[in-house]
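Topology and contacts: notes
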Amino acid sequence: GNSVTQMEGPVTLSEEAFLTINCTYTATGYPSLFWYVQYPGEGLQLLLKATKADDKGSNKGFEATYRKETTSFHLEKGSVQVSDSAVYFCALSDNTNAGKSTFGDGTTLTVKP
Amino acid sequence: GAVVSQHPSWVICKSGTSVKIECRSLDFQATTMFWYRQFPKQSLMLMATSNEGSKATYEQGVEKDKFLINHASLTLSTLTVTSAHPEDSSFYICSAMIDGGTDTQYFGPGTRLTVL
């Protein structure tokens, strides 16, 4: 079956540091890949997505590239801010599975001033 | 666009009572919605897929008689936790997919249920 493995947290960075959160996946077929962000006490917000190999998703300074050869979708940001502190979830959606998504365990990011 | 709301945002109830949580797609139609449960500091656990006009599809291990799902219109799905007990206390999140759209899920803000 499908699975998503995320880098374990928590991750603590200083403001303006470079961020990488690793995500690898296992899936049958050709899944779409997503990064969601969850702020305390809230639901998930779509951060970015990629639907095919070599696609790069980007939003709010965050980027992730769909790497089929390494089955990865690592999240990066060049300069984090305190407001980026949240939990980040990597997920995949397999079109053969009625739209269901498989989520990673989440990585908590704390950015200190 | 693609806004999903949940109501209530939090609820406290006594053990043995039933609680209904609503999930609405505000600006799009959604034949398919999903209900998740999230424990503190953990990932989302898919409970069921809600399909408008048909029975929900429950994940293995989820009691369908305890977690009743009704998807009566293209913009509304409800989750009713029947005879709630303290172990049902959790954060419940719904998501919806846009009819005719991509496989992106749009999430509601979640409902915090506390059963005393």
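Nothing here was measured: the structure is a model prediction, and the numbers come from that model.

1. Regarding the interface of chain B and chain A
The interface of chain B with chain A comprises 19 residues on the first partner and 20 residues on the second. When residues of chain B are sorted by the area they lose upon contact with chain A, B:S43, B:D103 and B:F107 head the list and together hold 36% of the total. Between chain B and chain A we count two salt bridges in total. Salt-bridge contacts for A:K100 lead to B:E59; the nearest nitrogen and oxygen are separated by 2.7 Å. Taken together, chain B and chain A are joined by nine residue pairs in polar contact (both at pLDDT 80 or more). Counting only elements with at least two residues in the side of chain B that touches chain A, the list comes to strand 4 (32-38), strand 5 (44-51), strand 9 (90-97) and strand 10 (105-107) of chain B. Here the side of chain B that touches chain A is composed, by residue class, of nine nonpolar, eight polar and two charged.

2. So, the packing of aromatic side chains
In the structure shown here, the tally under the stated rule is eleven aromatic pairs over all chains. Where A:Y36 meets B:F107, the ring centres are 5.1 Å apart and the plane angle is 80°; that geometry is what we call edge-to-face. Residue A:Y36 is found in strand 5 (residues 32-38), and its partner B:F107 is found in strand 10; the two belong to separate chains. B:F107 matches A:Y36 in its accessibility class, with the two residues each being buried. Ring geometry for B:F34 versus B:Y36: centroids 6.5 Å apart, planes at 45°, classification tilted. Among the aromatic side chains, those forming a connected cluster through ring pairs are A:F34, A:Y36, A:F103, B:F34, B:Y36 and B:F107.

The rules behind the values
Residues numbered from 1 in each chain as written. Chains lettered and ligands numbered in written order. Predicted model: local features only at pLDDT ≥ 70, side-chain atom pairs only at ≥ 80, totals over all residues. Heavy atoms only, no water. Contact = heavy atoms within 4.5 Å. Buried area = accessible area lost by both parts, 1.4 Å probe. Salt bridge = Lys/Arg side-chain N within 4 Å of Asp/Glu carboxyl O. Polar contact = N/O pair within 3.5 Å; in protein donor to acceptor, adjacent residues only side chain to side chain. Helix = DSSP H or I, 4+ residues; strand = E, 2+ residues; numbered from the N terminus. Nonpolar A, V, L, I, M, F, W, Y, C, P; charged D, E, K, R; others polar. Phe/Tyr/Trp six-rings, centres within 6.5 Å; stacked < 30°, edge-to-face > 60°. Buried < 20%, exposed > 50% of the residue type's maximum accessible area, 1.4 Å probe, protein only.

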